[in-house]
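Close look at the chain arrangement
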Amino acid sequence: MLARKSIIPEEYVLARIAAENLRKPRIRDRPRKARFIAKNGACNLAHKNIREQGRFLQDIFTTLVDLKWRHTLVIFTMSFLCSWLLFAMMWWLVAFAHGDMDSSTENTSNSTKWTPCVTCVRSFTSAFLFSIEVQVTIGFGGRMMTEECPLAITVLILQNIVGLIINAVMLGCIFMKTAQAHRRAETLIFSRQAVIAVRNGKLCFMFRVGDLRKSMIISASVRIQVVRKTTTPEGEVIPIHQVDIPVDNPIESNNIFLVAPLIICHVIDKRSPLYDISASDLALQDLELIVILEGVVETTGITTQARTSYVAEEILWGHRFVPIVTEEEGVYAVDYSKFGNTVKVAAPRCSARELDEKPSILIQTLQKSELSHQNSLRKRNSMRRNNSIRRSNSIRRTNSSLIVPKVQFITPEGSQSASET
């Protein structure tokens with residue numbers, strides 16, 4: 001507006017705008033790195049240029065289990081159809097070789113009675129129906145074998161064996177697909193975010209895990225791995241470098257009793273890859289923490305594994321999980337609506353190494369948090385006191401406005417009478 005009215009020269013306005021834009025820091029979003037493990041536990045990995053495809057056929061049962069449902073059903077359907085057609089062709093050849101297809105054999109005299117290999121098999125359609133009846137063990141009573149042809153008995157035995165093998169493979173594959181271990185892992189949940197806070201005087205990395213089912217996971221154990229891109233002193237680049245980090249568990253067997261949601265804790269000490277990372281450095285770190293929960297399903301006895309991961313953006317520094325287990329009428333109740341809720345707590349912003357070198361940092365942080373907590377309580381009490389005073393004054397004013405004055409009426413005789421209205 002000023003430049004248009006020629007009060008300020010236009011060149012000065014443009015130069016000032018350019019100078020302000022130069023002063024403002026331009027924050028560019030760091031390109032997001034691909035996760036190695038997704039939040040739902042799926043491995044973000046693509047296999048390419050596999051030349052030896054025949055290795056998958058050597059373990060055909062595992063290949064069938066790993067296939068999708070539509071592919072598995074198509075394969076089994078085609079297996080049954082092909083076996084029925086194959087043995088239908090064999091039954092038709094047996095009947096044709098024996099002469100059962102010749103209509104003249106039925107018009108022979110009674111003195112020379114004709115006995116076919118399979119009764120009522122006079123075409124390929126009837127042979128196909130008889131093949132289905134033999135393999136599926138359906139006996140309608142119209143078509144049956146006789147003792148005339150030993151070759152037909154051999155074909156019957158062979159078809160029964162092939163049918164049993166196909167049924168066994170199909171039932172086993174369907175059972176394994178429906179009872180796969182990752183199906184049970186769907187009810188094992190992890191908190192969407194992890195936290196770093198002080199516990200027992202040490203910085204700790206913590207996350208919450210829980211089981212939605214009442215049937216327990218037996219011998220459950222938790223492992224944590226840090227995956228990052230590293231370079232060795234020799235110059236070798238390792239794109240996926242995995243480092244195990246210990247889990248703080250008071251039980252020597254390292255197993256957890258997952259009857260209720262638990263907070264898994266990792267103490268950041270000298271052995272931890274997070275030892276030199278501070279709160280300001282965490283956002284710049286290109287790392288991923290993978291959590292693996294393994295155990296045996298109580299109902300089926302199958303070993304299951306649940307996985308998740310946390311990147312730097314999903315780790316909250318100076319937070320703590322809220323308690324969700326309460327005792328109500330003699331029963332421990334778990335409120336899963338607060339499963340991932342956190343609260344902000346006092347925590348030093350320095351790394352664990354600096355905290356070990358200067359323990360006074362923790363004391364100062366706790367003192368500052370205590371002073372701020374006391375000041376907030378004082379402000380809250382003063383605000384409550386002022387609100388109560390204002391409320392009492394408003395009540396007094398309303399009461400005073402509701403008081404009705406007394407009015408005196410004078411009668412014609414001169415007597416006075418007081419009444420309240």
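Predicted model only: the values in this text are computed from it and were never measured. (Residues numbered from 1 in each chain as written. Predicted model: local features only at pLDDT ≥ 70, side-chain atom pairs only at ≥ 80, totals over all residues. Heavy atoms only, no water.)

Points about the packing of helix α5 (residues 124-136) against helix α6 (residues 150-178)
Note the threshold: Here an angle of 0 to 180 degrees is reported between the N-to-C directions of two axes, which are lines fitted to C-alpha atoms, with helices fitted over the stretch in contact. Each helix corresponds to a stretch of at least 4 residues labelled H or I by DSSP, and each strand to a stretch of at least 2 residues labelled E; elements are numbered beginning at the N terminus. Note on terminology: angles under 35 degrees are roughly parallel, angles over 145 are roughly antiparallel, angles of 65 to 115 are roughly perpendicular, and the others are oblique. Whether a crossing is left-handed or right-handed is set by the direction in which the near helix is turned from the far one by less than a right angle, anticlockwise for left-handed and clockwise for right-handed. Any two residues whose heavy atoms approach within 4.5 Å at even a single point are treated as in contact. All amino acids are sorted into three groups, where Ala, Val, Leu, Ile, Met, Phe, Trp, Tyr, Cys and Pro are nonpolar, Asp, Glu, Lys and Arg are charged, and the leftover types, Gly among them, are polar.
Look at α5 against α6: their axes get within 8 Å of each other, and the N-to-C directions meet at 60°. Judged by the angle between their axes, α5 and α6 are oblique. In terms of crossing hand, the pair formed by α5 and α6 is right-handed. Residues Ser-131, Val-134 and Gln-135 of α5 form the contact with α6, whose own contacting residues are Leu-156, Gln-159, Asn-160, Gly-163 and Ile-166. The residue makeup of the contact of α5 with α6, split by class, is three nonpolar, five polar and no charged.

Looking at the pattern of salt bridges
Cut-off, in case you're wondering: Salt bridge criterion: a side-chain nitrogen from Lys or Arg within 4 Å of a carboxyl oxygen from Asp or Glu. Exposed residues in this analysis have more than 50% of their type's maximum accessible area, buried residues have under 20%, and partly exposed residues fall in between, with area computed by a 1.4 Å probe over protein chains only.
This model, assessed by the stated rule, comprises seven salt bridges. Residue Lys-39 pairs with Glu-314 through a salt bridge whose shortest N-O separation is 3.4 Å. Here the residue Lys-39 occupies a position in the loop between α1 (10-23) and α2 (55-58), and Glu-314 occupies one in the loop between β9 (303-311) and β10 (315-317), the gap between them amounting to 275 residues. Here Glu-133 and Arg-143 are joined by a salt bridge, their closest N and O atoms 3.1 Å apart. Here Glu-133 is found in helix α5, whereas its partner Arg-143 is found in the loop between α5 and α6, with ten residues between them in sequence. Residue classification places Arg-143 among the partly exposed residues on the basis of a relative accessible area of 22%. A cluster of three or more residues bridged by salt bridges with shared partners is formed by Arg-35, Lys-39 and Glu-314.

Some points on α5
Our working definition: What a helix is expected to span follows from its residue count: subtract one and scale by 1.5 Å.
Here α5 spans 18 Å end to end across 13 residues, near enough to the 18 Å set by a 1.5 Å rise per residue. Restricting attention to buried positions, one finds in α5 the residues Ser-126, Ala-127, Phe-130, Ser-131, Ile-132, Glu-133, Val-134 and Gln-135. In the core, the buried residues of α5 are packed alongside α4 (69-98) and α6. Thr-137 lies just past α5 and shows a positive phi near 55°.

A closer look at the confidence of the model for the protein
Counted only if it meets this: Per-residue confidence from the prediction method is given by pLDDT, with values spanning 0 to 100.
In this model, the protein carries a mean pLDDT of 78, and residues with pLDDT of at least 70 account for 78%. Considering each helix and strand of the protein separately, the mean pLDDT is smallest for strand β16 (residues 416-420), with a value of 45, and largest for strand β11 (residues 319-321), with 92. Within the model, the stretch residues 1-14 combines pLDDT values under 50 with six contacts to residues more than four positions away or in other chains. Residue range residues 22-28 is modelled with pLDDT below 50. Its contacts to residues more than four positions away, or to other chains, number zero contacts.

Digging into the pairing of strand β4 (residues 217-231)
Here is the key point about a regular strand: its side chains alternate between the two faces of the sheet. Test applied: A pair of strands counts as paired when DSSP detects no fewer than two bridges linking them.
Bridging between β4 and strand β8 (residues 287-297) involves ten bridges; their strand directions are antiparallel. Each bridged residue has a counterpart across the sheet, and for Arg-228 the counterpart in β8 is Leu-287. Pairing analysis gives seven bridges linking β4 to strand β5 (residues 237-245), with the strands arranged antiparallel. Bridge pairing in β5 places Val-227 opposite Gln-242.

Here we look at the nonpolar core
Operational definition: Take the buried Ala, Val, Leu, Ile, Met, Phe, Trp, Tyr and Cys residues and link them wherever side-chain atoms come within 4.5 Å; each set so joined is a nonpolar core.
By size, the foremost hydrophobic cluster in this structure holds 39 residues, and its most contacted members are Phe-205, Phe-207, Leu-289 and Leu-293. Setting aside residues up to four positions removed in sequence, Phe-207 forms contacts with Phe-190, Ser-191, Ala-194, Val-222, Ile-224, Leu-262, Ile-263, Ile-264, Val-291, Tyr-310 and Phe-321. Counting residues in each nonpolar core, the second largest holds 13 residues, with Phe-87, Trp-91, Ala-95 and Cys-149 among its members.

A closer look at the packing of aromatic side chains
What counts is decided by this rule: Only Phe, Tyr and Trp rings are paired, with Trp represented by its six-membered ring, and only when their centres lie within 6.5 Å; those with planes under 30 degrees apart are stacked, over 60 edge-to-face, the remainder tilted. Here, a charge over a ring means that NZ of Lys or CZ of Arg falls within 6 Å of the ring centre while also lying within 35 degrees of the ring normal.
Applying the stated criterion across every chain, the model contains eight aromatic pairs. With 4.9 Å between their ring centres and 85° between their planes, Trp-91 and Phe-130 make a pair best called edge-to-face. Here Phe-130 lies in helix α5 and Trp-91 lies in helix α4, a separation of 39 residues in the sequence. Here Phe-130 falls in the buried class, since its relative accessible area comes to 4%. Taken together, the aromatic side chains of Phe-190, Phe-205, Phe-207 and Tyr-310 make up a single cluster linked through ring pairs. Between the NZ or CZ atom of Lys-177 and the centre of the ring of Trp-69, over which it lies, the distance is 5.1 Å. Note that Arg-208 overlies the ring of Phe-339, its terminal NZ or CZ placed 5.9 Å from the centroid.

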